[in-house]
Amino acid sequence: MDLRMLLLNLSLLCLIAGAVSEPQFAFYIPCRLQSEQTGRGCLDVRHQTTPINVDAFLEVNGENYTIINEEIPVAFTFKCYDFPVPSVSAAVPVFITIKAIGGDFNYTERRAVVVAPNVNVTFIQMNKYMFKPGDTVRCYVFTLQNNLKPMEERF
């Protein structure tokens, strides 16, 4: 009886160890994209035995903008993709859809991200915090973009 149990356990252990795992992949992208700038998404693929066709696109107001559309070879592990982010006038939620198909592997996922519009911030600084009648008022005005770089504006 003990010999049978030992053989059964060994045969089950061989079945578990011999199982084929599905490819694992992750697509990294910021949850907030900036309008009219270049976005970046990175694809990480592991345990891949056959080539996989990967399609990823951004859905904005019913239009699709392609991020990835290529066949991923077997030796592939990690790659980043740059893509243009469309222009929006207000912060809107958009969707990223990822489809991966290869061999007997089929995966589809849809996630929400936000595309934020470009907003410039203008600072006005006075030379003093209190003035008396007849004082000369001087102010310094500068405008910053979202990435904190100054803009070339004249006032």
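Being a predicted model, the structure only gives us computed values, none of them experimental.

Draft legend 1. Local environment of the environment of Arg110. With respect to the helices and strands, the residue Arg110 is situated in strand E8 (residues 105-116). It is 9.6 Å that separates the C-alpha atoms of Arg110 and Ala56, two residues lying 54 residues apart in sequence. Those residues in contact with Arg110, other than ones at most four positions away along the chain, are Glu59, Phe95, Ile96 and Thr97. Of note is the side chain of Arg110, whose polar atom sits 3.0 Å from the side chain of Glu59.

Draft legend 2. The arrangement of the state of the cysteines in detail. Scanning the entire structure with this criterion turns up one disulfide. Across the disulfide, Cys42 is cross-linked to Cys80 (sulfur-sulfur distance 2.0 Å). Judged by the sign of its S-S torsion, about 95 degrees, the cystine formed by Cys42 and Cys80 is right-handed. Of the two residues, Cys42 sits in strand E3 (residues 38-46) while Cys80 sits in strand E6 (residues 78-84), which places them 38 residues apart along the sequence. Under the relative-accessibility criterion, Cys42 is labelled buried at 12%. Take Cys80: its relative accessible area is 30%, and that puts it in the partly exposed class.

Draft legend 3. Here's a closer look at the sheet that holds E8. As summarised here, the arrangement of the five strands in space is E2-E8-E7-E4-E5, forming an open sheet in which the pairing is mixed. Strand pairing shows two members of the sheet lacking a second neighbour, strand E2 (32-34) and strand E5 (63-72), which therefore form its edges. Sheet twist, expressed as the average angle between the axes of neighbouring strands with direction ignored, equals 25 degrees. Pairing between E2 and E8: three bridges, direction parallel. By the bridge assignment for E8, Leu33 is matched with Val115.

Criteria and cut-off values
Residues numbered from 1 in each chain as written. Predicted model: local features only at pLDDT ≥ 70, side-chain atom pairs only at ≥ 80, totals over all residues. Heavy atoms only, no water. Helix = DSSP H or I, 4+ residues; strand = E, 2+ residues; numbered from the N terminus. Contact = heavy atoms within 4.5 Å. Polar contact = N/O pair within 3.5 Å; in protein donor to acceptor, adjacent residues only side chain to side chain. Disulfide = S-S within 2.5 Å. Buried < 20%, exposed > 50% of the residue type's maximum accessible area, 1.4 Å probe, protein only. Pairing = 2+ DSSP bridges. Axes fitted to C-alpha atoms, helices over the stretch in contact; angles between N-to-C directions.

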